[in-house]
Amino acid sequence: MKQHLLFLTWALVLIACEKDPSVLPSEHDPSAASEALKDAASFPVGAAVNYNNFLANPPYSNLVKRDFNSITLENEMKNASLVKGGGVFDFSRADAMVNAAGSLQIFGHTLVWHTQQAASYYKAAAGITSSPAASQEEIAAKLDAELRRTIGAIAGHYKGKVQAWDVINELFADNGAIRNNSNTSTSGSDVLVWSHYLGRDLGAKAFQYAAEADPSAKLFLNDYGLESNPVKLDSLIAFVNELKAKGVKIDGIGTQMHISLNTSRTGIESMFKKLAATGLLVRVSELDILVNPSSATGFVLTPAIAESQAEMYQFVVQSYISNVPSSQRHGITVWGVMDASSWRYQNGKDFPLLYDNEFNKKPAYAGFLKALN
Ligand code: G3I
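My aim in this report is to walk through the structure given alongside it, one point at a time. (Residues numbered from 1 in each chain as written. Predicted model: local features only at pLDDT ≥ 70, side-chain atom pairs only at ≥ 80, totals over all residues. Heavy atoms only, no water.)

This paragraph deals with the layout of surface pockets. Of the pockets and cavities examined, the largest pocket occupies roughly 240 Å³. Together, 15 residues line the largest pocket, and W113, E170, H258, E286 and W343 are the ones closest to its centre. For the lining of the largest pocket, the residue count by class is four nonpolar, six polar and five charged. (1 Å grid on protein atoms, 1.4 Å probe; cavity = no way out; pocket = protein on both sides within 12 Å on 5 of 7 lines; lining within 4 Å. Points joined across faces, edges and corners; volume = space filled by probe spheres on them. Nonpolar A, V, L, I, M, F, W, Y, C, P; charged D, E, K, R; others polar.)

Taken as a whole and judged by the stated rule, the model has one cavity of 30 Å³ or more. Size it by volume and the largest cavity reaches roughly 60 Å³. When contributions to the lining of the largest cavity are tallied by element, the ones reaching two or more residues are β4 (164-169) and α9 (194-198). Here the lining of the largest cavity is built from residues that sort into seven nonpolar, three polar and two charged. (Helix = DSSP H or I, 4+ residues; strand = E, 2+ residues; numbered from the N terminus.)

In the vicinity of the ligand there are 13 residues, among which E74, K78, H109, E286 and W335 approach most closely. Residue N75 places a side-chain N or O atom 3.0 Å away from an oxygen atom belonging to the ligand. In isolation the ligand exposes 790 Å². Once the protein is present, 45% of that is buried. A per-class count over the shell around the ligand returns three nonpolar, six polar and four charged. (Near = heavy atom within 4 Å. Polar contact = N/O pair within 3.5 Å; in protein donor to acceptor, adjacent residues only side chain to side chain. Areas by Shrake-Rupley, 256 points an atom, 1.4 Å probe, with all protein chains shown as cover.)

As a further point, take the packing of helix α11 (residues 230-245) against helix α12 (residues 265-277). Helix packing geometry: the angle between the two helix axes and the distance between the axes. It is the contact of α11 with α12, at a shortest axis distance of 11 Å, that shows an interaxial angle of 10 degrees. In this view, α11 runs roughly parallel relative to α12, as classed from their interaxial angle. Of α12, the residues touching α11 (which contributes L233, D234 and I237) are M271, K274 and L275. Residues belonging to the contact of α11 with α12 are distributed by class as follows: four nonpolar, no polar and two charged. (Axes fitted to C-alpha atoms, helices over the stretch in contact; angles between N-to-C directions. Parallel < 35°, antiparallel > 145°, perpendicular 65-115°, else oblique. Contact = heavy atoms within 4.5 Å.)

Take unusual backbone geometry next. Here the bond from H109 into T110 is cis, since omega is 5 degrees, no more than 30 degrees from zero. Here T110 shows up in strand β3 (residues 105-112). With omega at 0 degrees, the peptide bond leading from S131 into P132 counts as cis. Within the element layout of this structure, P132 appears in the loop between α7 (119-125) and α8 (136-157).

Set out below in structure tokens:
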């Protein structure tokens, strides 16, 4: 009789589990994940941090210092944050964050990008918006001078404080071509496509100027979509090999990895293998994982979906470790802290990060940690 009862109970549990996967015991129980990511990892583990939270929200900054050993300033080292009217530099906000970082490493993001910059200033300075506009040669020469001045000032200011830089961010359009004014939207007062005027030479110039300003910083080329766009990935790798052949100092490639539960795992594996084959450092620079990629209204993060997200975080970290040799692992940075701080949160439509809005660890955290262990 006792045996029958036991069997009946077990059968009922199994049926319940089949109907509602949320009652399955979690493989990624966050309450059991007490170890800090930074202590479990043999490479830097970082978070992108924003100004207000990092400087004025102690639960946020304490959590960052507890679990991570590297930060990237989410916006404050971008050109628009540092270059003001007339091309004058204002380092005050970024400096405040650097001073508050303590022993955290700082990854610099970013010296050159086609957006979030003082575009009106550069366009006027280079004669793009003057009437009549300057010749292409004059524009290229003036932009080159501004590129050198800007990179020199910024990388020089943070020499010894920033360990590595995204020298160029998002140089490639989705068809694998270098960006120009045809394959990139030029609308927006903060947009200037440097490569439209400087062409492929932008690469060698920007990396050379960064190396001159801070010879010991590691210099990266950073881009997005590399796990799902092999054309763009191959084009970026060919470009990197070209720079290496020219003797340009380029140390690493950053793969942003703004991905989702649906991202092809084969694509991720193949990307890491190809990046590792360059022999350069490889950094996952902006990791986040969407759970509601179609932005469905009324979406609820069930325990089962949180578990799938944990599995995907675990997969990414495991794939990085198994495909990138340890000497080439520059680290993994998650693009934000609690879900509400993510650029993909959309007022509660998605939950891409490792912590909920009360700073509790999600199963995603346990997934990341499991891969490290
Ligand atoms: O600072 C202004 C503030 O003064 C104003 O009141 C407010 C009103 O909207 O906007 C504030 O600026 C916002 C800025 O973040 C700082 O919060 C911008 O509107 C907003 O567009 C900007 O978004 C950032 C985005 O880059 C811009 O492209 C995100 O925070 C940041 O996470 C995101 O990061 C990028 C990486 O740099 C490159 N890879 C892709 C990644 C996601 O887009």
